[in-house]
Amino acid sequence: EAAFLVRSEGAGGLAQWVLMELQGEVEPRQSGGLAGSLLGDLHYTREGVPVLIVGHHILYGKVVQLEKPFAVLVKRGAGEPGPAGPHTHYTVTALIKTKLLFKTRPKPIITNVPKKV
Amino acid sequence: GAMRSRAEVDATLQTAKLNPAELLPAAHCLSFGPQAGIGTGDCCLLQLEPGLCAELEAGRSLVIRGEKDEQAVLCSKDKTYDMKIADTSNMLLFIPGCKTPEELNADQASCDIIHSQIAGFSSNYWELRRCRPKLKKLRKLLMEDPYEGPDSRKDQTLTFSKYTTEDLLSLIQASEEEILHQLQVIDACKIEGYWRILEFDYEMKLLNHVTQLIDSESWPLSKVPLRTCLEELGSLEPREMIEHILLSYGRKYIDDAGEVYFEMHEDKICRAIAQMLLQNAVKFNLSEFQEVWQQSVPEGMTARLDQLKGLALVDKTSRPETIFLLKVEDLPEDNQERFNSLFSIREKWTEVDITPYIQDLCAEKQTVGALLTKYARSSTQNGVKVYNSRRPIS
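Residues numbered from 1 in each chain as written. Chains lettered and ligands numbered in written order. Predicted model: local features only at pLDDT ≥ 70, side-chain atom pairs only at ≥ 80, totals over all residues. Heavy atoms only, no water.

A. Quick look at the overall build of chain A. Each helix and strand counted, chain A has zero helices and eight strands in total. When burial is assessed residue by residue, chain A has 45% of its 117 residues classed as buried. For chain A, the proportion of contacts with a sequence separation of at least 24, taken over those separated by at least 6, is 62%. For chain A, the accessible area works out to roughly 6800 Å², and carbon and sulfur atoms hold 53% of it. (Helix = DSSP H or I, 4+ residues; strand = E, 2+ residues; numbered from the N terminus. Buried < 20%, exposed > 50% of the residue type's maximum accessible area, 1.4 Å probe, protein only. Contact = heavy atoms within 4.5 Å. Areas by Shrake-Rupley, 256 points an atom, 1.4 Å probe, with all protein chains shown as cover.)

Structural data, given as structure tokens:
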């Protein structure tokens, strides 16, 4: 079979997610992998500018309304070996119409150096 | 680990030397969800062309079609799109439950910490580009076993070269509406649940029954009654086939009394008869052909060369002038391959001659002129603008 259904769960209203675009790669800090680990805190200024604190860095970004929204597809039914078994299909889990774009270079947070006693 | 508290978030703000008064009171703590570490094996982003978002929000499905040796396409109920992976050099994280400033502002009371789990991330996404449906395969599949009539012994043997609508949907890289429309265009019909194309000789046999009856009954070409056709011809051919040939070569209408009539397509009938004559040899003397052709068409019809666009080509350089069969549906589907094929048949083409053979390549808002600019080179020969290949043809 060479046809894969992209099924919308939209009957009850599709969830709206947000995309965050960061430069570079995301790497786990500890050896356990990414799952469960913290990325950082996301704030917005009163003018609506997103501010992301990641580790020892601050990033300032921009809220962008996407001209072309994204659909988030999740592959299901892939119990078979190979690229696609006969029951493989994709589910549209969510739509993304908004992006938080962080393009500026992160500013390092310089903590106070304690004075030597 | 434990979820971050308001106190911890505020402490981080202080370390970062950010003034809370300049920020909205609510904040998100982002962490990677349990599935996120797996990466994007099972989760991916699809960029949506206009109209597709509304389709999905209405609960309609899309379909990705393509065999292993084909480039995948995405189909909505009526459009087809090429799929391509777009690589960015950035990380795209997708976050459920993440609020925008507008949403937070609308809820003035909130100063909560929102714990959002990142569902997944990717550095690429599927990009779509509207494309022509890939319909050449449809004709190819149906030509594997053309219907030769009820008397043909072929149909009595079990053959697996027969296709239902579902079969075609899974094999053709096009949307359902585009496939159904094309089936109509090529005059396919459903016989015992399978889509069939008539074998040309059988089709001409059916057409001949009808044109002879029109002649013997002296009916006007614009008012051929279905009822009488079925009565007179029903003993010779299946009723469904009689009706099918009338539908293929005429326009059905119902008069005030509720009787079904057909307005016959003179051009289409003349064209079919020309094909019948031309397929018997490599090429013909043009004036001889025109004479025989006019004699072969039904009484009252005029055979004209402009009826043969995309079916036959006249060679005005040979002495005497000749004409030969060249069917656009036999030519390659890919743009570059189509032009290569045309230029290997004839080195230089006028726009008038080449247009019927490239018209079907035009994308949604593309003109023949734009195609010629892209795939051909123009020059002037004897005061006439002609087009030839951009590259040497082997």
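B. Representation of the interface of chain A and chain B within the structure. Each side of the interface is counted separately: chain A has 61 residues, and chain B has 62 residues. The interface formed by chain A and chain B includes three salt bridges. Counting across the chain A and chain B interface gives 19 residue pairs in polar contact (both at pLDDT 80 or more). If one sorts the elements of the side of chain A that touches chain B by residue count, strand β6 (residues 62–76) of chain A sits on top with nine residues. For the side of chain A that touches chain B, a count of residues per class yields 38 nonpolar, 14 polar and nine charged. Relative to strand β2 (residues 43–47) of chain B, β6 of chain A is paired through five bridges, and the arrangement is antiparallel. Across the sheet, residue leucine 73 of chain A finds its bridge partner in β2 of chain B, namely cysteine 44 of chain B. (Salt bridge = Lys/Arg side-chain N within 4 Å of Asp/Glu carboxyl O. Polar contact = N/O pair within 3.5 Å; in protein donor to acceptor, adjacent residues only side chain to side chain. Nonpolar A, V, L, I, M, F, W, Y, C, P; charged D, E, K, R; others polar. Pairing = 2+ DSSP bridges.)

C. A look at helix α14 (residues 368–375) of chain B. Residues and elements named next belong to chain B. For α14, the complete set of buried residues consists of Val368, Leu371, Leu372 and Tyr375. Considered in projection along α14, the buried side chains sweep an arc of 100° and stay on one side of the axis. Opposite the packed face of α14, turned more than 90 degrees from it, sit the exposed residues Thr373 and Lys374. (Arc of directions from axis to C-beta.)

D. Region of the structure containing the confidence of the model for chain A. Residues and elements named next belong to chain A. Averaged over every residue, the pLDDT of chain A is 78; residues scoring 70 or more account for 67%. For chain A, strand β8 (residues 107–108) is the element with the lowest average pLDDT, namely 69, and strand β4 (residues 50–54) is the one with the highest, namely 93. With pLDDT under 50 throughout, residues 79–85 is counted as low confidence; its partners more than four residues away or in other chains account for four contacts. (pLDDT = per-residue confidence, 0-100.)

E. Structural context of the sheet that holds strand β18 (residues 384–389) of chain B. Residues and elements named next belong to chain B. Strand order in the open sheet formed by three strands is β16-β18-β17, with antiparallel pairing between adjacent strands. The open sheet has two edge strands, β16 (349–350) and β17 (376–381), and neither has a second partner. With six bridges joining them, β17 and β18 adopt antiparallel strand pairing. When the bridges of β18 are listed, threonine 380 appears paired with lysine 385. Across the sheet, helix α12 (residues 335–345) lies against β16, β17 and β18, angled at about 115° from β18, the strand it touches most. Strands β17 and β18 of the sheet are contacted by α14, whose axis makes an angle of about 95° with β17. (Axes fitted to C-alpha atoms, helices over the stretch in contact; angles between N-to-C directions.)

F. How the structure looks around the confidence of the model for chain B. All names here are of chain B. Scored by pLDDT, chain B has a mean of 91; 95% of the residues are at 70 or more. Taken element by element, the predicted model of chain B shows its lowest mean pLDDT in helix α3 (residues 101–106) (86) and its highest in strand β10 (residues 224–225) (98). For this predicted complex, the interface score ipTM comes out at 0.83, alongside a pTM of 0.83.

G. Layout of the packing of helix α7 (residues 200–217) of chain B against helix α9 (residues 239–249) of chain B. All names here are of chain B. Contact pair α7 / α9: the axes reach a minimum separation of 10 Å and the direction vectors enclose 85°. Judged on the interaxial angle alone, α9 and α7 are roughly perpendicular. Every residue of α9 that contacts α7 at Tyr202, Glu203, Met204, Leu206, Leu207 and Val210 is listed here: Met241, Ile245, Leu246 and Tyr249. (Parallel < 35°, antiparallel > 145°, perpendicular 65-115°, else oblique.)

H. Main features of the packing of α12 of chain B against α14 of chain B. All names here are of chain B. Look at α12 against α14: their axes get within 11 Å of each other, and the N-to-C directions meet at 80°. Judged by the inter-axis angle, α12 sits roughly perpendicular to α14. Two secondary-structure elements touch here, α12 through Asn335, Gln336, Phe339 and Phe343 and α14 through Leu371, Leu372 and Tyr375. Grouping the amino acids of the contact of α12 with α14 by side-chain chemistry returns five nonpolar, two polar and no charged.

I. Examining the environment of tryptophan 293 of chain B more closely. All names here are of chain B. Counting through the fold element by element, tryptophan 293 comes out in helix α11 (residues 286–296). Owing to a relative accessible area of 1%, tryptophan 293 belongs among the buried residues under this scheme. Setting aside residues no more than four positions away along its own chain, tryptophan 293 makes contact with Cys270, Ile273, Ala274, Leu277, Ala303, Arg304, Leu305, Gln307 and Leu308.

J. Layout of the pairing of strand β3 (residues 62–65) of chain B. Residue and element names in this part refer to chain B. Residues Leu62 and Ile64 of β3 are buried on one face, and the alternating residues Val63 and Arg65, pointing to the opposite face, are buried as well. For β3 and strand β4 (residues 73–75), the ladder comprises three bridges, and the chain directions are antiparallel. Bridging across to β4, isoleucine 64 finds its partner in leucine 74.

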